[in-house]
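Per-entry structural report
These are the residues of each chain, in order.
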Amino acid sequence: ELGTSSVRALVFDRLGRSFNQLKAHLPYKMRNTADGGVEIEAENILRLVASVIDRTLHRARRRRGEIRAVAFSTFWHSLLGVGTDGRPVTPLLSWADTRSRHSAETLRRALDERAVHLRTGCRVHPSYLPAKLRWLYETQPARFRQSTRWVSIGEYLYRRFFGHATVGTSVASATGLLDLRTCVWDKEVLAALPVQAEQLSPIDDTPARGLSKAFARRWPSLQEVPWFPAAGDGACSNIGSGCLSPEREALSVGTSGALRIVWEGEPLEIPPGLWCYRVDRRRLAMGGALSNAGNLYAWLRRALRAGGEAAVERALARMDPDRHGLTLLPFLSGERSPGWIAEARGVVAGLTLSTAPLHLLRAGLEAVAYRFLAIDTILRQAFPQAREVVASGKGLLSSPAWMQIMADVLGRPVIASREPEASSRGAALLALEALGLIRLTEVRTSFGRRYHPRGAATERYREAFRRQTKL
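Residues numbered from 1 in each chain as written. Predicted model: local features only at pLDDT ≥ 70, side-chain atom pairs only at ≥ 80, totals over all residues. Heavy atoms only, no water.

**Quick word on the environment of Ala191**
With respect to the secondary-structure elements, Ala191 resides in helix H8 (residues 187-191). Residue classification places Ala191 among the exposed positions, given a relative accessible area of 66%. Sequence separation between Ala191 and Leu111 is 80 residues; the distance between their C-alpha atoms is 9.9 Å. (Helix = DSSP H or I, 4+ residues; strand = E, 2+ residues; numbered from the N terminus. Buried < 20%, exposed > 50% of the residue type's maximum accessible area, 1.4 Å probe, protein only.)

In structure tokens:
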């Protein structure tokens, strides 16, 4: 699993249970620039991925021969330009890179954004590829000309491992370049860009076999097993946390955050505030994403020089809902759902001489929860049958105070997932299903503590939510 701050490799059995002793994990950091850039060299990612596979295979030792397949989960919306030799020309751009915000405005004038949104499931926004491609064309013409193909990080890894690149339906559907119904590259969007369909990878969910010579020597036990193209981490998270139908929403908080519902069938009309991607050819996911979630809390802790995690958690849990009187807009990296305002920035209103660091920390957790409420309000209009929320993500699950805030703000029970690596597990389950070894509906998923909303807290938070919305 390639997340936005770490790379992990895990081994699962055919029932979706992980072997914790075989897990390998390496953190990394992307470069952040003053003008909104978030990027990293693709070769650095390749080295990290190869290293965690090395470590996991070493720990597996004699059981390496039992591995039946390799599955990938990667973050959505990444972009990399490669040359004729397949090597990187540009850095890998993250979904969080907002330097293309002015290019997005130009594209909005050239396209019918609502029609594009309904076809592709994606708004015209800097987090998606059309704006990034236009920005690179306008600001880095030499690099743009040298880039003969445009790929995601998963496609790049695939190319290095097998000598050719394909893109899975899941990752392709979150680019802003794919027609969700036909699963082909969208001609109208491409016509507005200096990019041809031939510069994009073929869309194919078929696993590859036969590693290139260097990696076959490195991983002989994996040489002939099927390697599945990367799937988006959000789609995998729903699958791994047992949120397979509209009755159950998946709430995930990592560096960013998302609230999603998965269903099997045809695309539905997409509300303007939400996005819609594919899990695979059979299933779709609709929801909203926040650019600022776990990263906001981490930034607040650093900026305020808060104490140890355990002490801070106890102090936050003792605080009454919204008692600090602060209104915080958590847009340190701009806004995605539901307003899609890339230029939005963070604001704290209501500061007084009595405001303490813990007040700001608590206001930050509540502010993120209000943004999830804004998404949930729209999502439940499309899926009124949603009854419960399943939470995943280490940052959220490790904070009972934040879990209770989520339940109080949403006004519904929030259930802690017992699957610590929901995205990795989801990728494994999708591969097991494709191999014909399981039916997803028959796989058991473990759940933990259930956090129930408290009526008085919910009422107080609704007033605070209205205050944030007005600001």
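Once you've had a look at it, read on.
**Some details on helix H15 (residues 400-410)**
Most of H15 sits inside the fold, with 10 of its 11 residues counted as buried. Listed as buried for H15 are Ala401, Trp402, Met403, Gln404, Ile405, Met406, Ala407, Asp408, Val409 and Leu410. Where H15 ends, the next residue or the one after it, Gly411, has phi of about 75 degrees, a positive value.

**Section: the environment of Ser333**
Position of Ser333 among the secondary structure elements: in the loop between strand E16 (327-329) and strand E17 (347-349). Separated by 121 residues in the primary sequence, Ser333 and Arg454 place their C-alpha atoms 31 Å from one another. What Ser333 contacts, discounting residues up to four positions off in sequence, is Thr98, Ser291, Asn292, Asn295 and Arg345. (Contact = heavy atoms within 4.5 Å.)

**Overview of the packing of aromatic side chains**
For the structure shown, the criterion picks out 20 aromatic pairs. Each ring, one from Phe72 and one from Phe161, has its centre 6.4 Å from the other, and the planes form 25 degrees; the classification is stacked. Here Phe72, found in the loop between helix H1 (42-60) and strand E5 (73-74), pairs with Phe161, found in helix H6 (residues 153-162); they are 89 residues apart in sequence, far enough to count as distant. Of the two residues, Phe72 and Phe161, both sit in the buried class. Aromatic side chains Phe144 and Trp150 sit 5.1 Å apart centroid to centroid with 40 degrees between the ring planes, which places their arrangement in the tilted category. Clustering of aromatic rings is evident, with ring pairs tying together Phe72, Tyr158, Phe161, Phe162, Phe215, Trp219 and Trp227. (Phe/Tyr/Trp six-rings, centres within 6.5 Å; stacked < 30°, edge-to-face > 60°.)

**Section: the nonpolar core**
The biggest cluster of nonpolar side chains holds 70 residues, and the ones touching the most others in it are Phe161, Trp219, Leu222 and Trp227. Counting residues per element, this core draws most heavily on H1, which supplies 9 residues. Discounting chain neighbours no more than four positions away, the residues touching Leu222 are Ile53, Leu57, Ile67, Val70, Leu211 and Trp227. If you look at the next biggest cluster of nonpolar residues, it comprises 55 residues, including Cys276, Met286, Leu379 and Leu410. (Core = buried A, V, L, I, M, F, W, Y, C linked by side-chain atoms within 4.5 Å.)

Keep in mind these numbers describe shape, not what the thing actually does.
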